[in-house]
Amino acid sequence: MTILGIETSCDETSAAVLQKGRVRSNIISSQLIHRTYGGVVPELASREHERLIVSVVDTAINQANIQKNDLDVIAATAGPGLIGAVMVGLCFAQGLAWSLAKPLVPVNHIEAHIFSGFIQDHPGHEAPGERFISLCVSGGHTMLCLVQEDLAYSVIGRTIDDAAGEAFDKTGKMLGLDYPAGPVIDRLSREGDPAFHDFPRALTSQSRTSKSYRDNFDFSFSGLKTSVLHYINRHDPAFIEQHLSDIAASIQEAITSVLVEKTIAAAKKYSVRAVSIAGGVSANSGLRQKMEKACAQNGLHLCIPKAVYSTDNAAMIATVADLKLSRGLAETNNYDIAPFASFAYK
Ligand code: KG4
Ligand code: ZN
């Protein structure tokens, strides 16, 4: 089976070819145009996808050393995401699939992140064989899911305000860092002291909220954002500049410790033996180290995608299509698929 995956839900234009379950190419063109604005500008994202989609798909096909006619299936993100951005990739995929008379598989972007730890580009990464807890942390979503062996999943917790990636990006913006600030905070944190300042960790064992809030698996990061803003306003710009790495490390510590605490608590409550982390924030080195340590201490197997598969990419889109097709779970007889902007929590 040879699958072309297409991903255009936000600011990465990406196409990948999967052959017999293995990634043969994975082209990602990240749109730099948004840096000037400190965040993704939806209309510009759609226009950039439109400008790039043909060459990105052609490059993925050429690099995989195949012809378009060798494709068995086209898979594309149908949402959630910026609606105009999703439409560019999905409409392109619809047109390509129809003209080649090949099946089209619509893919949910969040599901693709959830299963991104199982992308096979080398032997050893196999499809999920047992129930696991997935922490999916991106720029737009933060959720904990209980995933069953048959790929069915339920959302057991989610952010009630900002996503974890948003918390990185917005606090970083307050510190004057470039967009996206997540990787910059990650880099600065390596030189900083995570105990420099104690930023709030909402809805955890350390927060003062009521027990019912602390014991569920929801997240909240808006208070952290406010706290960082007050902290910056309270201090001299020279002090902030001088302690930038320490402040970055303290922000990263606050975000990642909440993510790890809730994930381990969920794994215990649902008696699973495995945990996976996915989405752009799973590229964070502090989160990876902390989660590795916590999983080892609790006897949990941890599955983390390679960094290139943490942020948005089309290999994960093709992989979900492959996992579903091999289990008879994908609908393939319909070109008339509507894009969707938001994720309906189950
Ligand atoms: O999954 P993704 O590529 O796009 C969405 O679906 O949103 O995630 C992008 C998010 C951004 O907020 C970005 O700052 C964050 O992932 N991110 C990171 C790191 N790399 C990307 N956050 C913290 N540390 C990183 N190393
Ligand atoms: Zn994403």
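Residues numbered from 1 in each chain as written. Chains lettered and ligands numbered in written order. Predicted model: local features only at pLDDT ≥ 70, side-chain atom pairs only at ≥ 80, totals over all residues. Heavy atoms only, no water.

A.B. asks: Could you give an account of the site of ligand 1, with specific residues and numbers?
C.D. replies: In the region of ligand 1, 19 residues are neighbours, and Gly139, Asp169, Asp186, Asn284 and Asp312 sit closest. At 3.3 Å, a backbone N or O of Gly182 approaches an oxygen atom of ligand 1. At a separation of 2.9 Å, a nitrogen atom of ligand 1 approaches a polar side-chain atom of Asp186. In the complex, the protein chains occlude 90% of the 550 Å² of accessible area that ligand 1 would expose alone. Elements with a minimum of two residues in the shell around ligand 1: helix H3 (109-114), helix H4 (164-174) and helix H5 (181-189). A per-class count over the shell around ligand 1 returns five nonpolar, eleven polar and three charged. (Near = heavy atom within 4 Å. Polar contact = N/O pair within 3.5 Å; in protein donor to acceptor, adjacent residues only side chain to side chain. Areas by Shrake-Rupley, 256 points an atom, 1.4 Å probe, with all protein chains shown as cover. Helix = DSSP H or I, 4+ residues; strand = E, 2+ residues; numbered from the N terminus. Nonpolar A, V, L, I, M, F, W, Y, C, P; charged D, E, K, R; others polar.)

A.B. asks: Go over the sheet that holds strand S9 (residues 274-278), please, and point to the residues and values.
C.D. replies: The strand order across the open sheet built from five strands is S8-S7-S6-S9-S10, with neighbouring strands paired in mixed fashion. Bordering the open sheet on either side are strand S8 (153-158) and strand S10 (301-303), each of which pairs with just one other strand. This sheet shows a mean twist of 25° between the axes of neighbouring strands, independent of strand direction. Taken together, the three bridges between S9 and S10 define a ladder with parallel strand orientation. By the bridge assignment for S10, Ser276 is matched with Cys303. In this fold helix H9 (residues 244-269) packs onto strand S6 (132-137), strand S7 (142-147), S8 and S9, with an angle of close to 155° to the strand it touches most, S6. Relative to S9, helix H10 (residues 285-297) is tilted by about 175°, and along the sheet it contacts S6, S9 and S10. (Pairing = 2+ DSSP bridges. Axes fitted to C-alpha atoms, helices over the stretch in contact; angles between N-to-C directions. Contact = heavy atoms within 4.5 Å.)

A.B. asks: Before we move on, could you go through the coordination of the zinc ion (ligand 2) and cite the residues and values that matter?
C.D. replies: Coordination sphere of the zinc ion (ligand 2), protein contribution only: His109 (NE2), His113 (NE2) and Asp312 (OD), at 2.0 to 2.1 Å. Binding-site remark: the zinc ion (ligand 2) is held by donors from one chain whose sequence spacing is H-x3-H-x198-D. Note that His113 is positioned in helix H3 and Asp312 in the loop between helix H11 (307-310) and helix H12 (315-326), a separation of 199 residues in sequence. With relative accessibility at 0%, the residue His113 sits in the buried group. (Donors = N, O, S within 2.8 Å, 3.2 Å for Na, K, Ca; no water. Buried < 20%, exposed > 50% of the residue type's maximum accessible area, 1.4 Å probe, protein only.)

A.B. asks: Describe the pairing of strand S3 (residues 22-30), and please don't skip the residues or the numbers.
C.D. replies: Strand direction decides the pairing type here: strand S2 (residues 12-19) and S3, joined by eight bridges, are antiparallel. Looking at the pairing, Glu12 lines up with Ser30 of S3. Between the antiparallel neighbours S2 and S3 lie two residues, among them Lys20 with a positive phi of about 50°.

A.B. asks: Provide a residue-level description of the packing of aromatic side chains, including the pertinent values.
C.D. replies: Applying the stated rule across the entire model yields six aromatic pairs. Note on Phe115 and Phe132: the rings are 6.5 Å apart at their centroids and 85° apart in plane angle, and the pair reads as edge-to-face. With Phe115 in the loop between H3 and S6 and Phe132 in strand S6, this residue pair connects regions lying 17 residues apart in the sequence. The pair Phe115 / Phe132 is uniform in exposure class, with both members buried. For the ring pair Phe199 and Tyr231, a centre distance of 5.5 Å and an interplane angle of 75° mean the geometry is edge-to-face. Of the two residues, Phe199 sits in the loop between H5 and helix H6 (211-214) while Tyr231 sits in helix H7 (residues 222-234), which places them 32 residues apart along the sequence. In this pair, the class of Phe199 matches that of Tyr231, namely buried. (Phe/Tyr/Trp six-rings, centres within 6.5 Å; stacked < 30°, edge-to-face > 60°.)

A.B. asks: Tell me about the packing of H4 against H9, residues and numbers included.
C.D. replies: Contact geometry of H4 with H9 gives a least axis separation of 11 Å together with a crossing angle of 175°. Classed by the angle they form, the pair H4 and H9 counts as roughly antiparallel. The residues of H9 that touch H4, namely those facing Ala164, Ala167, Phe168 and Thr171, are Ile251, Gln252, Ile255 and Leu259. The class makeup of the residues in the contact of H4 with H9 is six nonpolar, two polar and no charged. (Parallel < 35°, antiparallel > 145°, perpendicular 65-115°, else oblique.)

A.B. asks: Give a detailed account of the nonpolar core, specifying residues and quantitative values.
C.D. replies: Burial of nonpolar side chains together is a common tendency in soluble globular proteins. Of all hydrophobic cores here, the largest spans 47 residues; its most connected members are Ile133, Ile255 and Leu259. Of all elements in the fold, only S6, S7, H4, H5, H7, H9, S9 and H10 reach the threshold of two or more residues within this core. A total of twelve residues in this core trace back to one element, the largest contributor, which is H9. Leaving out residues up to four positions away in the same chain, Ile133 has contacts with Leu144, Cys145, Leu146, Ile156, Thr263, Ala266, Ala267, Tyr270, Val272, Ala274, Val275 and Ser276. By size, the runner-up hydrophobic cluster in this structure holds 35 residues, among which are Ala112, Phe118, Val320 and Phe343. (Core = buried A, V, L, I, M, F, W, Y, C linked by side-chain atoms within 4.5 Å.)

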